[in-house]
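Okay, here's what each chain looks like letter by letter:
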Amino acid sequence: MKKKLLIVGSTGFLGRNLINYFSQNNEHLNLFAAYHFKVPEVKNCLFYKCDLLEKEGIKNLIKDILPEFIINCAFIGVSSGINYSREYILDNQKIFLNLLEACKESDCLKKIINIGSSLEYNDKNIPITEEDKIWPKNLYAAIKTSNSFLGNVIAKMFNLPLITIRPFHLFG
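Here the residue numbers are simple positions, counted from 1 along each chain's written sequence. Since the coordinates come from a predicted model, pLDDT governs what is reported: local features require at least 70, and pairs of side-chain atoms require 80 or more to be given and counted, while whole-chain, interface and lining totals use all residues. Based on all heavy atoms of the structure, the side-chain values leave hydrogens and waters out of the count.

(A) Looking closely at the overall build of the protein chain. When helices and strands are counted, the protein chain shows four helices and six strands. Reading the protein chain from its N end, one meets helices and strands in the order β-α-β-β-α-β-α-β-α-β. Put simply, the radius of gyration uses C-alpha atoms, and a globule should come to 2.2 Å times the residue count raised to 0.38. For 172 residues, the compact-globule estimate of 2.2 N^0.38 gives 16 Å, and the protein chain sits close to it at 16 Å. Structurally, the protein chain occupies a C-alpha span of about 45 × 35 × 30 Å along its principal axes. A burial count over the protein chain gives 42% of its 172 residues as buried. A separation of at least 24 residues holds for 66% of the contacts in the protein chain among residues at least 6 apart in sequence. Helical segments are the DSSP runs of H or I of at least four residues, strand segments are the runs of E of at least two, and each set is numbered from the N terminus. Relative accessibility under 20% of the residue-type maximum defines a buried residue, over 50% an exposed one, and the middle range a partly exposed one, all with a 1.4 Å probe and only protein chains included. Contacts are assigned to residue pairs with any non-hydrogen atoms lying within 4.5 Å of each other.

(B) Highlighting the packing of helix α2 (residues 55-65) against helix α3 (residues 86-103). Working convention: axes come from line fits to C-alpha atoms, limited for helices to the stretch in contact. Angles between N-to-C directions cover 0 to 180 degrees. Closest axis-to-axis distance for the α2/α3 pair is 9 Å, and the angle between their directions is 40 degrees. Taken as axis vectors, α2 and α3 run oblique relative to one another. The two elements α2 and α3 meet at a crossing, and its hand is right-handed. Here Lys55, Ile58, Lys59 and Ile62 of α2 lie close against α3, whose contacting residues are Asn98, Leu99, Glu101, Ala102 and Cys103. For this scheme, ten residues count as nonpolar: Ala, Val, Leu, Ile, Met, Phe, Trp, Tyr, Cys and Pro. Four count as charged, namely Asp, Glu, Lys and Arg, and the remainder, Gly too, count as polar. Along the lines of polarity and charge, the residues of the contact of α2 with α3 split into five nonpolar, one polar and three charged. Reported orientations rely on four angle classes, namely roughly parallel under 35 degrees, roughly antiparallel over 145, roughly perpendicular from 65 to 115, and oblique for the rest. Note on convention: near helix rotated counterclockwise from far helix by under a right angle means a left-handed crossing. Clockwise means right-handed.

(C) Broad picture of the pairing of strand β2 (residues 29-35). Judged by how many residues are buried, β2 sits mostly within the fold: six of seven residues are covered. Should DSSP find at least two bridges between two strands, the strands are taken to pair. Relative to β2, strand β1 (residues 3-8) runs parallel, the two being bridged by six bridges. Bridged to isoleucine 7 within β2 is alanine 33. In this structure, β2 lies alongside strand β3 (residues 46-49), joined through four bridges in parallel fashion. Opposite alanine 33, over in β3, you have phenylalanine 47 as the bridge partner.

(D) Geometry of the nonpolar core. The biggest cluster of nonpolar side chains holds 24 residues, and the ones touching the most others in it are Leu6, Ile58, Ile62, Ile70 and Cys103. Ranked by residues supplied to this core, first place goes to α3 with six residues. With residues near it in sequence (within four places) discarded, cysteine 103 still touches Ile62, Ile70, Leu109, Ile112 and Leu160. Side-chain atoms within 4.5 Å are what join buried Ala, Val, Leu, Ile, Met, Phe, Trp, Tyr and Cys residues into a set we call a nonpolar core.

(E) Representation of the pairing of strand β5 (residues 111-115) within the structure. In terms of strand pairing, strand β4 (residues 69-72) meets β5 through four bridges, oriented parallel. Bridge pairing links asparagine 72 to asparagine 114 in β5. Bridge count for β5 against strand β6 (residues 162-165) is four bridges, and the pairing is parallel. Note on β6: the bridge partner recorded for asparagine 114 is threonine 164. A crossover gets the label right-handed when its path from the first strand over the helix to the second runs clockwise, viewed with the strands pointing away from the viewer. Each parallel crossover has a hand, and the one from β5 via helix α4 (residues 139-158) to β6 is right-handed.

(F) Representation of the pattern of salt bridges. Within this document, salt bridges are pairs made up of a side-chain nitrogen of Lys or Arg and a carboxyl oxygen of Asp or Glu, the two lying within 4 Å of each other. Here the structure, examined in full by the defined rule, presents six salt bridges. One salt bridge in this structure joins glutamate 101 and lysine 55, with 2.8 Å as the shortest N-O distance. Of this pair, glutamate 101 sits in helix α3 while lysine 55 sits in helix α2; the two residues are 46 residues apart in sequence, bridging distant segments of the chain. In this structure lysine 55 comes out as partly exposed when scored by relative accessible area, which is 41%. Note that glutamate 120 and arginine 166 form a salt bridge whose closest N and O atoms lie 2.9 Å from each other.

Structure representation (C-alpha cells):
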C-alpha cells in the first residue's frame, strides 16, 4: 500500500523542489500538496487549494487526505532582509499553529517534519552541531526558532510525532 505524503508550502523554493523530487520517485507514495496562490505544474501530485491562515481549511485538508507524513515548508516572506512587522511574525506563527492543531485530531500521522533554517544558528565560520547555541541571525530566523521551540512543546502536549530539521546551503 502506498504511503501518503502531504507537503505544505508547495509553492516556495524548498516545497516546489520536494514535490518535483517525490513526484518522480513515488512508486510507494501518494503525493499531495497544499497551495495558496498558484498551482505548480507537476505530474503525480494532487494539489489542494488551502489558505493556511484559516484553521478550518488545513483541518479539513488533513481530514480528507489522512496523510501519514507531512513536510511543513510553509512560510510567508522567506528573506533575511525583512524588517520588523507584527503581521509577518503572527501570520507565520499562525500557519504553524494551525497545522499542529489540525494534526492533533489525526490518528494516522507517523511523522511531521518541520523545516527550520540554518540561520537559527547565526553565521559561524566553524562547523555547527545540533548542540550549538541557537542565536537567530534575523527576524526570519527568530520566527523559525520560535516555531521550533513552540512546536516541540505543543507536540509533547498533543502527542504529535514532530521533528524539526535545519537545512544548510540550499541553492537552486
